[in-house]
Amino acid sequence: MTWADAWVMAVRGIRRRFSRAVLTVAAVTLAAALLTSLLIAVGAARDRVFDAVSKGGPLTGIQVLPNAPDFGQLDSDSARPADPRPIDDVARRRIKRLPGVRSVVPLLSSGVFVVPAPPRGTDSRRAARDRKPFSGTLTGVDLHRVGELPVTVLAGVLPAPGAVHEVAVTDAYLRRLGLHTTDSRQVLGTTVEFGAPRLFTKDQGGVTVRGRWTKATIVSVVAAQGATGELVGSLPQVRAARAWTAASDTTGREDTDRFVREVVGSSRYSGLFVVTANFDAVSPVRAAITKIGYSSSAPESLIATVRRYSTVVEIVLTAIGLIALTIAALGIANAMLAAVRERRREIGVLKAIGARDRDVRRVFLLEAGLLGVVGGALGTTLGYGLARLVGLAVNNYLREQGLAGVAIGLPLGIIAAGVVGSGLLALVAGTVPAQRAAQLPARRAMGDA
């Protein structure tokens, strides 16, 4: 018997018992779909968190502040600041030369007076209320390097690098207007005014405050670590605001000096975001930064805990999928045993005309493998679709919480492994029935039939 003859007989056997074959394929499909969707979900989470951690990026970042913590707080994720120490270019270059540091992104901030625009779709009474000014903070980042920062766009697009009339707002701005992150699009396209304060000495004594006002269009809503204020803009915007405030007419007045320090600080940079090469470099880099004399914070304890628990979850979910696939394999074995009992006459005829034991075994193994491959192909396709749907729901929730979404790609390795694995498992399940059919004597098979 040739392989072609064996394929023809295997397909014919499936067609004769089509209903049973459909149920068997359905069981394999559901099991493969469950396993595939779980593996894709776990893989997406791992790619989002752990691959980013191992390769270096925002998740391996350290926020550096212009003050020094106590040296006993090296393991703290929220160090208590001590005496202020300005961050200048010398400190930035020194930190950048530390072993394990991939890049250093400077952060600038300045206190501003904000006059918000009412959200879209609000009535005139609420619009007047939402125009109530407040004191806020404008944070500037290098928008050319925003990919190195833990910035998540919740709605819209980021301002263009160097733009002075575009700005992003944070969830703190939304809260000022009584909005939630789900209402982010209501503020897109509206105009916000912010003014940098400056003190002038009056001729008759005393001081007066004047603002340098800027109108900017809100082009995005973001969630950003290190940007605790309401507005996020380009570095030119913040530099202009800081320069205006820093030029206040102090004339030796201590209260004026204190005002300038409170608004723009006494440091060239408000902070630094240090990106390490990988997760293992976070702790030594933080220790080195502390020795230099600056406080730092990083989510290293959280990430380490998540890594441990995620491994446990991955093992459990994979085991659930494998159990389901094993149950489906038992279904294939049961279906093939029933087929052997029902096809005794056919087996006897094949052996009577010269078919060997391995020829009979081949027919039943091909039949079992075909059921497994078809079920695996359908199951992996269904599992990928389910993973995409779950990913959409998860990403909507993450955006509402101000967190980065999870990308569900097309994992060709998992798809191929699902199809091939289902086929191999079906072959294993069909081994005993195929062996039983092969060892059935022709005379006994004809007699029992």
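If you're wondering where the values come from, they're calculated on a predicted model, not measured in any experiment.

What follows concerns the overall build of the protein chain. A tally of regular secondary structure across the protein chain gives 13 helices and 12 strands. Of all intrachain contacts in the protein chain linking residues separated by at least 6 positions in sequence, the fraction that spans at least 24 positions is 80%. Counting every atom, the protein chain has about 22,500 Å² of accessible surface; 58% of that belongs to carbon and sulfur.

Val 64, Ile 95, Tyr 173, Val 187, Leu 231, Val 274 and Ile 289 are the most contacted members of the largest nonpolar core, which has 42 residues in total. Among the elements that make up this core, the one with the highest residue count is strand 4 (residues 101-115) (five residues). If near-sequence neighbours (up to four positions away) are discounted, Ile 95 is found in contact with Val 64, Val 101, Val 104, Leu 272, Val 274, Ile 289, Ile 292 and Tyr 294. Residues Val 28, Ala 32, Ala 328 and Ala 339 belong to the second largest nonpolar core, which totals 21 residues.

Our focus in this paragraph is the side chain of Ser 234. Here Ser 234 shows up in strand 10 (residues 231-234). Residue class for Ser 234 comes out buried when judged on its relative accessible area of 1%. With residues up to four places along the chain from it excluded, the contact list for Ser 234 reads Gly 140, Val 141, Leu 143, Gly 162 and Ala 163.

Turning next to the pattern of salt bridges. One pass over the structure, following the stated rule, counts three salt bridges. With a closest N to O distance of 3.5 Å, Asp 171 and Arg 175 form a salt bridge. Taken together, the positions of Asp 171 and Arg 175, both in helix 5 (residues 171-176) and four residues apart, correspond to about one turn of that helix. With a relative accessible area of 29%, Asp 171 lands in the partly exposed category.

The subject of this paragraph is the pairing of strand 11 (residues 271-276). Burial analysis of strand 11 places six of its six residues in the buried class, the great majority of the element. A two-sided burial pattern is seen for strand 11, the buried positions comprising Gly 271, Phe 273 and Val 275 on one face and Leu 272, Val 274 and Thr 276 on the other. Taken together, the four bridges between strand 1 (residues 61-65) and strand 11 define a ladder with antiparallel strand orientation. Across the sheet, Gly 61 pairs through a bridge with Val 275, a residue of strand 11. Sheet analysis places strand 4 next to strand 11, joined by six bridges and oriented antiparallel.

What follows covers the pairing of strand 7 (residues 166-170). In terms of burial, strand 7 is largely enclosed, as four of its five residues are buried. With five bridges connecting them, strand 7 and strand 9 (residues 207-224) associate as parallel partners. Counterpart to Ala 168 in the pairing with strand 9 is Ser 220. Across two bridges, the pairing between strand 7 and strand 10 is antiparallel. Bridged to Val 169 within strand 10 is Leu 231.

Once that is clear, we can look at the packing of aromatic side chains. Evaluation of the coordinates by the stated rule reveals two aromatic pairs. Taking NZ or CZ as reference, Arg 198 lies 4.4 Å from the ring centre of Trp 244, over its face.

Attention now goes to the confidence of the model for the protein chain. Looking at the protein chain, the pLDDT average stands at 78 and 79% of residues meet or exceed 70. Predicted confidence in the protein chain is weakest over strand 2 (residues 67-69), with a mean pLDDT of 54, and strongest over strand 7, with 91. Within the model, the stretch residues 69-76 combines pLDDT values under 50 with 15 contacts to residues more than four positions away or in other chains.

All right, on to helix 10 (residues 344-352) then. Of all the positions in helix 10, only Glu 346, Ile 347, Gly 348, Leu 350 and Lys 351 are classed as buried. Looking one or two residues past helix 10, Gly 354 carries a phi angle of roughly 110 degrees, positive in sign.

Together, Arg 85, Arg 93, Arg 94 and Arg 97 make up a region of like positive charge exposed at the surface. For Arg 93, the location among the structural elements is in helix 3 (residues 89-96).

Bringing a nonpolar patch on the surface into the picture now. A contiguous nonpolar surface patch, about 490 Å² in accessible area, is contributed by Leu 30, Leu 382, Leu 386, Leu 389 and Leu 392. The topology assignment puts Leu 386 in helix 11 (residues 357-400).

Turning to helix 12 (residues 412-438), a few remarks are in order. The terminal C-alpha atoms of helix 12, which comprises 27 residues, lie 37 Å apart, in line with the 39 Å expected from a rise of 1.5 Å per residue. Largest kink in helix 12: about 40 degrees, centred on Thr 431, with the proline Pro 433 one to four residues after it. The complete set of buried residues in helix 12 reads Gly 418, Ser 422, Gly 423, Ala 426, Ala 429, Gly 430, Pro 433, Ala 434, Ala 437 and Ala 438.

A separate point is the environment of Pro 86. Mapped onto the fold, Pro 86 is located in the loop between strand 3 (81-84) and helix 3. C-alpha separation for the pair Pro 86 and Gly 293, spaced 207 residues apart in sequence, amounts to 9.8 Å.

Now for the side chain of Ser 220. Inspection of the secondary structure puts Ser 220 in strand 9. Polar side-chain contacts of Ser 220 include one of 3.2 Å to the backbone oxygen of Val 157. Apart from the residues within four sequence positions on either side, Ser 220 is in contact with Val 153, Ala 155, Gly 156, Val 157, Leu 158, Pro 159, Val 167, Ala 168, Val 169 and Leu 188.

Looking now at the environment of Gly 391. The topology assignment puts Gly 391 in helix 11. In this structure Gly 391 comes out as buried when scored by relative accessible area, which is 8%. For the pair Gly 391 and Ala 44, spaced 347 residues apart in the sequence, the C-alpha separation amounts to 9.1 Å.

Reading guide: rules and limits
Residues numbered from 1 in each chain as written. Predicted model: local features only at pLDDT ≥ 70, side-chain atom pairs only at ≥ 80, totals over all residues. Heavy atoms only, no water. Helix = DSSP H or I, 4+ residues; strand = E, 2+ residues; numbered from the N terminus. Contact = heavy atoms within 4.5 Å. Areas by Shrake-Rupley, 256 points an atom, 1.4 Å probe, with all protein chains shown as cover. Core = buried A, V, L, I, M, F, W, Y, C linked by side-chain atoms within 4.5 Å. Buried < 20%, exposed > 50% of the residue type's maximum accessible area, 1.4 Å probe, protein only. Salt bridge = Lys/Arg side-chain N within 4 Å of Asp/Glu carboxyl O. Pairing = 2+ DSSP bridges. Phe/Tyr/Trp six-rings, centres within 6.5 Å; stacked < 30°, edge-to-face > 60°. Lys NZ or Arg CZ within 6 Å of the ring centre and 35° of its normal. pLDDT = per-residue confidence, 0-100. Patch = residues over 30% accessible without salt bridge, like charges linked within 9 Å, V, L, I, M, F, W, Y side chains within 5 Å. Lys, Arg positive; Asp, Glu negative; His and termini not counted. Charge placed at Lys NZ, Arg CZ, Asp CG, Glu CD. Expected span 1.5 Å × (residues − 1). Bend = angle between axes of the 7 residues up to and from the residue. Polar contact = N/O pair within 3.5 Å; in protein donor to acceptor, adjacent residues only side chain to side chain.

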